[in-house]
Amino acid sequence: MNGMRHDHSTIVSAVRAHMPDTNILHDLADLFKVFSDSTRMKIMFYLLESELCVCALADLLNMEQSAVSHQLRILKSAKLVAFRREGKLSVYYLADDHVRTIIEQGFEHLTEGRHE
């Protein structure tokens, strides 16, 4: 290119105009950090299949209920899972279809083209 730069100001302006606020991008990065833990991913995959209580999740994960509760608190604070009370029991489920879509799309992206 002989050290010459071409004029890309139009595309740069157009792209910049569509960028979300920096705070929203920060929040989005924090959301994806929650997905970075394999235990939390397992919990969400189990909740893709069924609503579950902490004791059932603990059995599935072969973990103490207190450790599972800690992970559920993180998922709840990120609004990825929700719960309802059934008597003294708390039943957990994925918060909404967006969470389901994120998990399913991520899984599809990773497994696309792989031979199972």
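How each quantity is defined
- Residue numbering note: each chain is counted from 1, following its sequence as written.
- The predicted origin of the model limits local features to residues at a pLDDT of at least 70 and limits the giving and counting of side-chain atom pairs to 80 or more, whereas totals for whole chains, interfaces and linings rest on all residues.
- By convention in this description, side-chain values take in all heavy atoms of the structure and omit both hydrogens and water.
- When DSSP finds two or more bridges between a pair of strands, those strands are recorded as paired.
- Only DSSP runs of H or I with at least four residues qualify as helices, and only runs of E with at least two residues qualify as strands; both kinds are numbered from the N terminus onward.
- Here the term patch refers to residues with relative accessible area over 30% and no salt bridge, with like charges joined within 9 Å and nonpolar side chains (Val, Leu, Ile, Met, Phe, Trp, Tyr) within 5 Å.
- Areas reported as accessible are Shrake-Rupley estimates using a 1.4 Å probe. Residue values count occlusion only from the protein chains shown.
- Note on definitions: salt bridges are taken to be side-chain nitrogens of Lys or Arg within 4 Å of carboxyl oxygens of Asp or Glu.
- All tallies of charge rest on Lys and Arg as positive and Asp and Glu as negative; His and the ends of each chain are not included.
- The location of each charge is read from NZ of Lys, CZ of Arg, CG of Asp or CD of Glu.
- Take the number of residues in a helix, subtract one, and multiply by 1.5 Å to get its expected span.
- Type-normalised accessible area, obtained with a 1.4 Å probe on protein chains alone, sets the label of each residue: buried when under 20%, exposed when over 50%, and partly exposed for intermediate values.
- In this description, one arc is meant: the one made by directions from the helix axis to the C-beta atoms.
- What makes two residues a contact is simply this: any of their non-hydrogen atoms within 4.5 Å.
- The definition of a polar contact used here is a pair of N or O atoms within 3.5 Å, where within protein one atom must be able to donate a hydrogen and the other to accept one, and adjacent residues in sequence count solely through side-chain atom pairs.

Asker: Please give an account of the pairing of strand β2 (residues 81-86) that cites residues and values.
Answerer: Here β2 runs beside strand β3 (residues 89-94); their pairing, made up of six bridges, is antiparallel. Note on β3: the bridge partner recorded for Arg-85 is Ser-90. Hairpin geometry of β2 and β3 is characterised by an intervening segment of two residues between the two adjacent antiparallel strands and by a positive phi of about 70° at Gly-87.

Asker: Give a description of a negative patch on the surface that names residues and reports values.
Answerer: On the surface, Asp-96, Asp-97, Glu-104, Glu-108 and Glu-112 cluster together into a negatively charged patch. Position of Glu-104 relative to the elements: it lies in helix α6 (residues 97-111).

Asker: Please give an account of α6 that cites residues and values.
Answerer: Between its first and last C-alpha, α6 extends 21 Å over 15 residues, near the 21 Å set by a 1.5 Å rise per residue. Those residues of α6 not exposed but buried are Val-99, Ile-103 and Thr-111. Along the axis of α6, the buried residues cluster in a sector spanning 85°; they form a single face. The exposed set on the far side of α6, more than 90 degrees from its buried face, consists of Asp-97, His-98 and His-109. Looking at the buried side of α6, the elements it contacts are α3 (38-49) and β3. One side-chain oxygen of the residue at the start of α6 lies 2.9 Å from the amide nitrogen of His-98, identifying that residue as Asp-96. Gly-113 occupies a position one or two residues after α6 and carries a positive phi of about 85°.

Asker: Lay out the pairing of β3 in plain terms, naming residues and giving numbers.
Answerer: Taken together, the two bridges between strand β1 (residues 52-53) and β3 define a ladder with antiparallel strand orientation. Within the sheet, the bridge partner assigned to Leu-52 lies in β3 and is Tyr-92.

Asker: Which residues make up the side chain of Thr-111, and what values do they have?
Answerer: Inspection of the secondary structure puts Thr-111 in helix α6. For Thr-111, a relative accessible area of 19% gives the class buried. Within the local environment of Thr-111, its side chain forms a polar contact with the backbone oxygen of Phe-107, the two atoms lying 2.8 Å apart.

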